[in-house]
Amino acid sequence: MSTLPRTARGTRTRAKLVEAAERVFAEVGYPEASIVRITDEAGVGQGTFYLYFDSKLEVFNEVVEDLNRRVRHAMTSAAVRAPNRAESERAGFRAFFTFTAEHPALYRIVRQAEFVSPGALRLHYTRIVDGYIQGLREARGSGEIGAIDPTVAAWALMGIGEMIGMRWVLWGNSDTDAGEAGDPYSSGTSVVPDDVFEQMMTFIEGGLGVRDNSTGRKGSTS
């Protein structure tokens, strides 16, 4: 079981190990990653690693949890300032895509978790969905969206965001290791183009039954 540091210096060292592990797992994958690689990347000795973590799996789980914490913070911080549910969806998705572009390890490591640590994978998704469900439930109660099951909608929305992000952000540049040069599935960008984003939001708003606040009728608020 991981040990929490007792000093500021220890906190910094532990964080450095988690950051190094994130880079190593993203670059070479869990099977090829090793404690030696991680400590070399962090610039510390192997003995230091064992002051904070018992195993490679333990630091992997910590990396998944850390990425989850950061992406949820980014999405929530953006969405909480929105005046209504439709704008909250827009802000949250934009924050997610920005985070993904800046931290491609999110996709690579979370997908590894399916085989390496299924419990960490499930925790990653359920933590995101739990907050989402509450927001959708409140929006349904206030009439901002239609009579849709918040749980089903939350999982569906997360799937949409993940697939759009994979296609246009993670697979954006054909010269990256995500695809070969000339890859027909590459969008040539590491951001979601505006037209793609608007099409996605039209689909989402229609599915949620978003209501136009000015008329009280269902429709897009974009």
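Figured I'd write up the structure that's included with this text.

### Let's talk about the nonpolar core
Argument step 1. One finds Phe25, Phe93, Phe97, Ile109 and Met200 to be the most contacted residues of the largest nonpolar core, which totals 62 residues.
Argument step 2. For this core, the element with the most residues is helix H8 (residues 150–170), which contributes 10 residues.
Argument step 3. Ignoring sequence-local partners within four residues, the contact set of Phe25 consists of Tyr30, Ala33, Ile38, Lys56, Val59, Phe60, Val63, Ile109 and Gln112.

### Observations concerning the packing of helix H6 (residues 105–116) against H8
Argument step 1. For the pair H6 and H8, the least separation of the axes is 11 Å and the interaxial angle reads 125 degrees. Classified by the interaxial angle, the pair formed by H6 and H8 is oblique. Seen from above, H6 lies across H8 with left-handed handedness. In this structure, H6 contributes Tyr107, Arg108 and Arg111 to the contact, and H8 contributes Gly161, Glu162, Met163, Gly165, Met166 and Leu170.
Argument step 2. Taken together, the residues of the contact of H6 with H8 break down into 4 nonpolar, 2 polar and 3 charged.

### Thoughts on the packing of aromatic side chains
Argument step 1. For the coordinates displayed, the defined rule picks out 9 aromatic pairs.
Argument step 2. With centroids separated by 5.6 Å and ring planes inclined at 40 degrees, the aromatic side chains of Phe49 and Phe53 adopt a geometry described as tilted.
Argument step 3. Exposure remark for Phe53: the relative accessible area of 0% places this residue in the buried category.
Argument step 4. The structure contains a cluster of three or more aromatic residues connected by ring pairs, namely Phe93, Phe96, Phe97, Tyr107 and Phe197.
Argument step 5. Across from the ring centre of Tyr30, 4.1 Å away, lies the NZ or CZ of Lys56, which sits over that ring.

About the criteria used
Residues numbered from 1 in each chain as written. Predicted model: local features only at pLDDT ≥ 70, side-chain atom pairs only at ≥ 80, totals over all residues. Heavy atoms only, no water. Core = buried A, V, L, I, M, F, W, Y, C linked by side-chain atoms within 4.5 Å. Buried < 20%, exposed > 50% of the residue type's maximum accessible area, 1.4 Å probe, protein only. Helix = DSSP H or I, 4+ residues; strand = E, 2+ residues; numbered from the N terminus. Contact = heavy atoms within 4.5 Å. Axes fitted to C-alpha atoms, helices over the stretch in contact; angles between N-to-C directions. Parallel < 35°, antiparallel > 145°, perpendicular 65-115°, else oblique. Left-handed = near helix turned anticlockwise from the far one by under 90°. Nonpolar A, V, L, I, M, F, W, Y, C, P; charged D, E, K, R; others polar. Phe/Tyr/Trp six-rings, centres within 6.5 Å; stacked < 30°, edge-to-face > 60°. Lys NZ or Arg CZ within 6 Å of the ring centre and 35° of its normal.

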